[in-house]
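Residues per chain are reported as follows:
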Amino acid sequence: MLKRVSDQVVTWQTGTVCTPGFAQLAPVPTGRFNIMDRSSNFIWYAGWATPNQTLTVADDGLVRLVHASGFTMWSAGQQVTPPPPVTDLPVPADYDGDGKLDLAVYRPTTGTWYVLTSRSNYAPGSALMWTWGTSGDVPVPADYDGDGRADPTVWRPGTPATWYVRLSSTDYWESGTITHGQTSDVPVPGDYDGDGKADLVDWRPANGTWYGLTASSGFAPGSLWSTPWGGEVPGDVVVPGEYDGDGKMDPTIWRSANGYYYVRPSSTGYVGWITWPLGNSTQGWVPVRVR
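First, a word on what this report is: a plain description of the structure on this page. Computed from a prediction, not measured in an experiment: that's the story for all the values here.

**Re the overall build of the protein chain**
No. 1: In terms of helices and strands, the protein chain carries zero helices and 24 strands.
No. 2: Within the protein chain, buried positions represent 42% of all 291 residues.
No. 3: A fraction of 33% describes how many contacts in the protein chain between residues 6 or more apart in sequence connect residues 24 or more apart.
No. 4: Carbon together with sulfur atoms contributes 56% to the accessible area of the protein chain, which is approximately 14800 Å² in total.

**Brief notes about the nonpolar core**
No. 1: Core analysis: the biggest nonpolar cluster contains 14 residues, and Tyr144, Trp163, Ile178, Leu200 and Phe219 have the highest contact counts within it.
No. 2: Aside from chain neighbours lying at most four places away, what touches Ile178 is Ala161, Thr162, Trp163, Val165, Leu200, Leu213 and Phe219.

**Details of the sheet that holds strand β12 (residues 128-131)**
No. 1: The strand order β9-β10-β11-β12 describes an open sheet built from four strands, whose pairing is antiparallel. The open sheet is flanked by β9 (89-90) and β12, the only strands paired with a single partner.

**Comments concerning the side chain of Thr153**
No. 1: For Thr153, the position within the fold is in strand β14 (residues 153-156).
No. 2: At 3.0 Å, the side chain of Thr153 and the backbone oxygen of Asp151 are in polar contact.
No. 3: Sequence-distant contacts of Thr153, that is, excluding residues within four places in its chain, are made with Trp113, Trp132, Val138, Pro139, Val140, Pro141, Tyr144, Trp163, Tyr164, Val165 and Arg166.

**Comments concerning the environment of Pro108**
No. 1: With respect to the helices and strands, the residue Pro108 is situated in the loop between β10 (103-107) and β11 (112-116).
No. 2: On the accessibility criterion, Pro108 (18% relative accessible area) is buried.
No. 3: C-alpha of Pro108 to C-alpha of Ser135: the two residues are 27 residues apart in sequence and 5.4 Å apart in space.
No. 4: For Pro108, the residues in contact, after removing those within four places along its chain, are Thr87, Asp88, Leu89, Thr134 and Ser135.

**Regarding unusual backbone geometry**
No. 1: Cis geometry marks the peptide bond from Thr159 to Pro160; its omega dihedral reads 5°.
No. 2: For Pro160, the location among the structural elements is in the loop between β14 and β15 (162-166).
No. 3: With a phi close to 65°, Tyr122 is a non-glycine residue in the positive phi region.
No. 4: Not every positive phi belongs to a glycine, and Phe219 is a case in point at roughly 60°.
No. 5: As for its placement among the helices and strands, Phe219 is situated in the loop between β19 (209-213) and β20 (225-228).

About the cut-offs
- Every chain is numbered on its own, with residues counted from 1 as its sequence reads.
- Totals for whole chains, interfaces and linings use all residues, but because this is a predicted model, local features are given only for residues with pLDDT of at least 70 and pairs of side-chain atoms are given and counted only at 80 or more.
- Heavy atoms throughout the structure, all of them, feed into the side-chain values; hydrogens and water do not.
- Segments assigned H or I by DSSP are reported as helices when at least four residues long, segments assigned E as strands when at least two residues long, and all are numbered from the N terminus.
- Burial status follows relative accessibility: with a 1.4 Å probe on protein chains alone, a residue under 20% of its type maximum counts as buried, one over 50% as exposed, and anything between as partly exposed.
- Whether two residues are in contact is decided by their heavy atoms, any of which lying within 4.5 Å being enough.
- Each accessible area is a Shrake-Rupley estimate made with a 1.4 Å probe; only the visible protein chains count as cover when residues are assessed.
- Think of a nonpolar core as a cluster: buried Ala, Val, Leu, Ile, Met, Phe, Trp, Tyr and Cys residues, connected wherever their side-chain atoms sit within 4.5 Å.
- By the convention used here, strands pair only if DSSP detects at least 2 bridges between them.
- For the purposes of these results, a polar contact is taken to be a pair of N or O atoms within 3.5 Å, where, inside protein, one atom must be able to donate a hydrogen and its partner to accept one; residues adjacent in sequence count only when each atom of the pair is a side-chain atom.

What follows is the structure, given as structure tokens:
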């Protein structure tokens, strides 16, 4: 956080700690700034921030480090930048089959999965790790083989899109590759037919249609099903879940335009719908999907 002398508070676009390089502020103010924190009123970071150090924000939006007397480690006019954003993606799921979610992240830069299992009480020494995926892939872990454990899986955009599944039932020695969907789709896997295995499902924003291949058919192309739901209004967010208690996932969207959930219940054969108002996008609310 940067606090202006006038007490106006502004924030970095992508971070809060300064390191050598380049940056901009949003909004772009002018004047002098102190580097502040909650305890000592000044951030002591990497050995160079001192109570005598200020930032000057020029009219062009560049943030330049300016030193008061007695501090010469950096020269006046040095540009600064926030650190790079964290790239890990949270992918919690039950990877060890104990019925509890495990703490897991997927690192897109290396395609590596890191899992701390609930069975081990999240002990780092018992962590699971796989390299599965590459830059541009979307992690979509789920229990595709029905053994009660989530399988590390990535969805690779393309026409067609490709699903790469690493099977926990083989102790991750074997994998499967299935083509389904296209680049513009949003992958939303889950057990839509109630057989205890995750199905390959995509939602296509262009026409608001859900397309699925069932695990019970071995993901055969002939098992393709589709149902239109959502997409009529820009900003619809897909949040499928088991909302009606029949053991099957229900196609669901949250409409940011009005803050309503729209559920297409599987228990009715996708006839009719259920709606609930919850949230308001104008106040920055977003839906939270539980895997």
